[in-house]
Amino acid sequence: MGSSRFKTWVWLLFIGYCMMMLWLLLFQRLEDGAQPWRYNLRPWDTVSRYLWVLRNSTDPVQRRYAVANLFGNVGLFVPFGVFLPLLFPKARKLLFFVLVATALILTLELTQAATGLGTLDVDDLILNLTGTGLGFLLWRCLRR
């Protein structure tokens, strides 16, 4: 497959990924209606509560919710960490990559809070950045 054709497929996958993420993070919640401004600015507060649930709760619904939030916030952003350096050569430099990833994830978090369609949570930022970082490492490994 030629380089131009590969790039076209990567762009199409990236656009599809972005649309899916916007639906998951914002539009899926439209049917629930907007909630008042909610936020958590204490690092590891939400994560520690989910870990407590995993260690102590026997309720399968609570446990599934905790796993989905912890691993989902990481896993859903791994592709983002692969797409950025693939599509944008400047994002192959670690500092630029971290700055762009942080800015985009922070924008999503602020949008969720401002629209009432989610919570501004510093733990989400940490977990999402972990996912993008894992994606960046995966891209570096695959590049070789």
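Notes on the structure in this doc start here. (Residues numbered from 1 in each chain as written. Predicted model: local features only at pLDDT ≥ 70, side-chain atom pairs only at ≥ 80, totals over all residues. Heavy atoms only, no water.)

**Brief notes about the packing of aromatic side chains**
Where two aromatic rings form a pair, the distance of their centres and the angle of their planes describe that pair.
Right, on to step 1. All told, the structure shown has eight aromatic pairs when counted by the stated rule.
Right, on to step 2. For the ring pair Phe 77 and Phe 80, a centre distance of 6.4 Å and an interplane angle of 80° mean the geometry is edge-to-face.
Right, on to step 3. Among the aromatic side chains, those forming a connected cluster through ring pairs are Trp 11, Phe 14, Tyr 17, Phe 83 and Phe 88. (Phe/Tyr/Trp six-rings, centres within 6.5 Å; stacked < 30°, edge-to-face > 60°.)

**Looking at the nonpolar core**
Right, on to step 1. In terms of nonpolar packing, the biggest core is built from 18 residues, with Phe 14, Tyr 17, Phe 77, Phe 80, Phe 83 and Leu 84 touching the most fellow members.
Right, on to step 2. For this core, the secondary-structure elements that each account for two or more residues are α1 (3-25), α4 (78-87), α5 (94-115) and α6 (122-143).
Right, on to step 3. Core analysis: the next-biggest nonpolar cluster, separate from the first, contains seven residues, Val 47, Tyr 50, Ala 66 and Val 74 among them. (Core = buried A, V, L, I, M, F, W, Y, C linked by side-chain atoms within 4.5 Å. Buried < 20%, exposed > 50% of the residue type's maximum accessible area, 1.4 Å probe, protein only. Helix = DSSP H or I, 4+ residues; strand = E, 2+ residues; numbered from the N terminus.)

**Things to note about the pattern of salt bridges**
Right, on to step 1. Inspection of the entire model under this criterion finds two salt bridges.
Right, on to step 2. Salt-bridge contacts for Arg 42 lead to Asp 45; the nearest nitrogen and oxygen are separated by 3.8 Å.
Right, on to step 3. We classify Arg 42 as exposed; its relative accessible area is 58%.
Right, on to step 4. A relative accessible area of 18% places Asp 45 in the buried class.
Right, on to step 5. Here Asp 45 makes a salt bridge to Arg 49, at a shortest N to O gap of 3.1 Å. One end of the pair, Asp 45, and the other, Arg 49, are both in helix α2 (residues 45-56), four residues apart, so they sit about a helical turn from each other.
Right, on to step 6. Under the relative-accessibility criterion, Arg 49 is labelled partly exposed at 47%.
Right, on to step 7. Residues participating in the shared-partner salt-bridge network are Arg 42, Asp 45 and Arg 49. (Salt bridge = Lys/Arg side-chain N within 4 Å of Asp/Glu carboxyl O.)

**Considering unusual backbone geometry**
Right, on to step 1. With phi around 70°, Trp 44 is a residue other than glycine that occupies positive phi space.
Right, on to step 2. Among the secondary structure elements, Trp 44 is positioned in the loop between β1 (39-40) and α2.

**Description of the packing of helix α3 (residues 60-75) against α6**
Right, on to step 1. It is at 6 Å that the axes of α3 and α6 come closest, and there the two elements cross at 45°. The angle between α3 and α6 falls in the class oblique. Across the interface between the two elements, Asn 69, Leu 70, Asn 73 and Val 74 from α3 touch Asp 124, Leu 127, Asn 128, Thr 130, Gly 131 and Leu 134 from α6.
Right, on to step 2. Class assignment of the residues belonging to the contact of α3 with α6 gives a composition of four nonpolar, five polar and one charged. (Axes fitted to C-alpha atoms, helices over the stretch in contact; angles between N-to-C directions. Parallel < 35°, antiparallel > 145°, perpendicular 65-115°, else oblique. Contact = heavy atoms within 4.5 Å. Nonpolar A, V, L, I, M, F, W, Y, C, P; charged D, E, K, R; others polar.)

Just distances and angles here, no functional claims.
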